[in-house]
Amino acid sequence: MKIFGKKEPLTGEILAGGESAIANKETEGLSQGQIVRRRFFRHRAAVIALVMISSIVVFVFTALDTKIGPIRIPGWWRWSVEDIPELRYEDCPGGTVGCPTLSIRPGAEFGLGTHPFGQDDIGRDYFALVMNGARRSLMIMFVIGAVSGFIGVVVGSISGFYGGAVDAVLMRLVDFLQTVPTIIIAAVIGKAAGKVGPLYLALFLGLLGWTGLARLVRAQFLSLREMEFVDAARVAGASNIRIAFKHILPNAVGQIIVIITLIMAGAILTETALSYLGFGVVAPDVSLGLLISQFESAFTTRPWLFWWPGFFIISIALCVNFIGDGLRDAFDPRQRRRITKKDRLQAKVQTKAGV
Amino acid sequence: MSKENILQISDFNVDFWVDGAWYPAVIDMNLGLAAGKVTAIVGESGSGKSTTAMGLMSLLASNARMNGSVKVKGEEMLAAKPSVLQRYRGREVAYIFQEPMTALNPLFTIGYQIVETLRAHFDMGPKEAHTRALELISLVDLPDPENSINKYPHQLSGGQRQRAMIAQALACDPALLVADEPTTALDVTVQAEILDLMRGLKDKLNSAILLITHDMGVVADMADEILVMKDGITVEKGTADQIFNKPQHPYTQQLLVAVPKLGSSKKRDIPYKESAKPAPVLKITDVTIEYPKRGRQPAFTAVKNFNLEIYPGEIVGLVGESGSGKTTVGRAAIGLLPVKSGSIQIVGNEIAGATQKELFKIRRHTGIVFQDPASSLNPRLPIGESIGEPIFLAGIAKNFPLEQMIEDLLDQVELPRSYRNRYPHELSGGQRQRVGIARALALTPDLLIADEPTSALDVLVQARFLELLTGLQEKLKFACLFISHDLAVVDILAHRIAVMQDGLLVEEGDRDAILLHPKNDYTRRLISAVPVPDPAEQRIRREARLALKK
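Summarised in this report is the structure supplied together with it. (Residues numbered from 1 in each chain as written. Chains lettered and ligands numbered in written order. Predicted model: local features only at pLDDT ≥ 70, side-chain atom pairs only at ≥ 80, totals over all residues.)

**Overview of the overall build of chain A**
The secondary structure content of chain A amounts to 14 helices and 2 strands. A buried classification covers 40% of the 355 residues belonging to chain A. (Helix = DSSP H or I, 4+ residues; strand = E, 2+ residues; numbered from the N terminus. Buried ≥ 20, exposed ≤ 12 C-beta atoms within 10 Å, placed from the backbone.)

Written as structure tokens, this is what we have:
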């Protein structure tokens, strides 16, 4: 009980400090969207991640030539994936070939050199390969995230909101899809997708990946639709669509975002796994996963072949996670977990003072 | 004196660690409690009374810091080792919690849970423990002990569950019983029974009881000594007689004034003449409401052949125990529940069997305030948007005019305009309920349905809330169906009162007719069970009620 009492002035203090921007704009009525946006932009890690991922996307997508149908937009990097320049031998440690020319060591002069990330076995520029791989991986990740996210949220919402027969039919569909062994089907499609391109592979993986999300959204809807604020909205005259998407969905957004970020992170891994097995993205096309799997035997001798694809996988996954974090916190007005009476009962017994 | 005290608290402090600072929750508390006595700690939520109760046996979360001294039977508890604490918990100090549904484990039978407590503390075989559990269950008057012992918590009613929890608490004949709001979740009649039970057990077992409650009526019924807390500080301490009859501290006085007393408020004149009744705002004729069968659960008739009319400008109180169907009536009256037979008319429009579109139009004439302010406001919507939603959806205004209307509504319910961008969790319970009213009044309805709007509020907050509601009603002249289990609250507000039992309307009439000259037995029982915040009078009422029972 006491904690609640203490919380009130505390919230005031928090308002006066961190959220003064909102508290001071008293005269201006803010909509939910505006408040969420402001909260998101106050989340430092999320904003940094957003800036980083945007720069990565811009950097990666402008580096190489882009072909959109007949139009060809030239990239700023001198090599392309098809070029096979001479392999470099000079300065490489331990008799290896194609080592990176990038020099960022403190003291030494900064320089890119001809092949800043090094070269692969036959001399192709590794920077170009990594850029191309990152492009593929990013595209696959976003397509899978968007497709699964969209289908999962829509199916889950409808299922949970209406219940009854609609719910039964949709959930049996989910059951059916979950019995489909994704990796094998994807392998079969991947084999064919080698010809039609990784976009189709991504679309397909997206079409299979939404089931978990749909179940979660459904569960959220089932419990949220019994809340009194749903009745209150109905009494206020809200339509079913408005209740589902304006009142219930924002309450489930936290979990949805967490799952979607997991799906996106998982997408990179699925793509990596498929490419490793030789079914996902196939040579001469490259993805980050394929690069790593191609050079697995060279790990001890030419580690730089792992640094760069690994660096991009980690940065992208981290950024996605931080953005997810930021969004979740922005949608959740209670960023801090309240300590309830029940929590206290369950909590660890502490006899001494201190934390 | 302290030698014979079962519980001795001296200079007890509790602080909570929040955001890198210690916030005091209990400050310098001193208390002595002897065997066979009842000490009550009274205060609003947030005053530190529950924290004290949990702190006694170090049951607080790990972000709490305690110092001072708590002695149970002369043994220091604060510095005790976990093993010592474990031995004392349940054995010497037993707890009864507010919500028996969450305090009992739903996976085990109540018999198992009592046996578990027994065998944790005594060297006892399963058979022996079972026999003892049976004894305990009969001791707390659970019906049919042989059967009850094998029941799961969900198979019992709220009152029975509370009895089961008391049986568990008494399992080891504890020297001290800590009862944390033991009757708050219960109906008045059940509450009276539980209090009788606790009083009887105290005399039989000579236990000391530390009673924690916000209900002055309960305190008057039980306590020998009273401690009034506010913001962690003990503001007043004394015998029941001193506190109730000669309160010294202004806060105690305020608290006593805020307690609604049955039959003490002035008469409210019905705003129309009996001979020339205007057209009713709400007309419920012969309504039956059924919850359809769900899987193996058979259909349940919640309300049978119900009749009620509400005329413009009057407040009708609908009273009954939980499960009597009063909330069902309220929700049906606004079209949230389908009606099986009969007719419900709002300002002449039929609700029963209306389509969504028709309902949408009818609902412009109505507003509803829900029971739980925490769940009736969308936690993800700033309250300004919640309040403005009915106006926006009715297409009356948007953007700037809407903003102004929201500000007016906030002014009306006496909330600062700056609150409109806050989320519900940033408001206190009373403030949230004001938001609920503002939303209900957004479309200036002819009929307001208030479903137990004060049951989640403290007395002081409740008093302010009721004042606000009466003020608004006098100004705006809407008709109101006020649903409550608390007769004293209804007494303050209502012009007329309707009493429900098991889905039936048992009595209906003028406020004074019902409260002063009830004709129905059930109504009489309901009225006699309401505790009065005056120890002497409460004793007389208690004896009268027991006589009535016999």
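Anyway, onward from the coordinates.
**What about helix 5 (residues 126-139) of chain B?**
All names here are of chain B. Helix length check: helix 5, at 14 residues, gives a terminal C-alpha distance of 20 Å against a target of 20 Å (1.5 Å per residue), a fit within 8%. Buried within helix 5 we find A129, A133, L136 and I137. One side of helix 5 carries all its buried residues, which in axial view fall inside an arc of 95°. For helix 5, the exposed residues lying more than 90 degrees away from the buried face are K127 and T131. For helix 5, the secondary structure elements touched by its buried residues are helix 4 (110-121), helix 6 (145-148) and helix 7 (158-170). Directly beyond the C-terminal end of helix 5, a positive phi value near 60° is found at D141. (Expected span 1.5 Å × (residues − 1). Arc of directions from axis to C-beta. Contact = placed C-beta atoms within 7 Å.)

**Considerations on the environment of B:V219**
All names here are of chain B. By the secondary structure assignment, V219 is in helix 9 (residues 216-222). Under the C-beta neighbour-count criterion, V219 is labelled buried, with 26 such atoms within 10 Å. A sequence separation of 188 residues divides V219 from E407, and the C-alpha atoms of the two residues are 41 Å apart. Look past the residues within four positions of V219 in its chain and what remains in contact with it is A40, V42, T213 and I226.

**Thoughts on unusual backbone geometry**
Most peptide bonds are trans, and most residues other than glycine sit at a negative phi. Residue and element names in this part refer to chain B. Residue S58 is not a glycine yet carries a positive backbone phi of 55°. Tracing the sequence through the fold places S58 in the loop between helix 1 (49-56) and strand 4 (64-72). A count of 21 C-beta atoms within 10 Å places S58 in the buried class. Here D141, not a glycine, exhibits a phi torsion of approximately 60°, which is positive. In this structure, D141 sits in the loop between helix 5 and helix 6.

**Brief notes about the sheet that holds strand 14 (residues 341-346) of chain B**
Sheets are built from strands that pair by backbone hydrogen bonding, the pairs being arranged parallel or antiparallel. Residues and elements named next belong to chain B. As summarised here, the arrangement of the 4 strands in space is 12-11-14-15, forming an open sheet in which the pairing is antiparallel. At either end of the open sheet lies a strand with only one pairing partner, and these are strand 12 (300-310) and strand 15 (349-350). In the sheet, strand 14 pairs with strand 15 via 2 bridges, with the strands oriented antiparallel. Paired with I346 across the bridge in strand 15 is N349. On top of the sheet, helix 12 (residues 326-333) reaches strand 11 (282-291), strand 12 and strand 14; it is set at about 115° to strand 11, its chief contact. (Pairing = 2+ DSSP bridges. Axes fitted to C-alpha atoms, helices over the stretch in contact; angles between N-to-C directions.)

The quantities given are spatial measurements derived from coordinates; they are silent on function.
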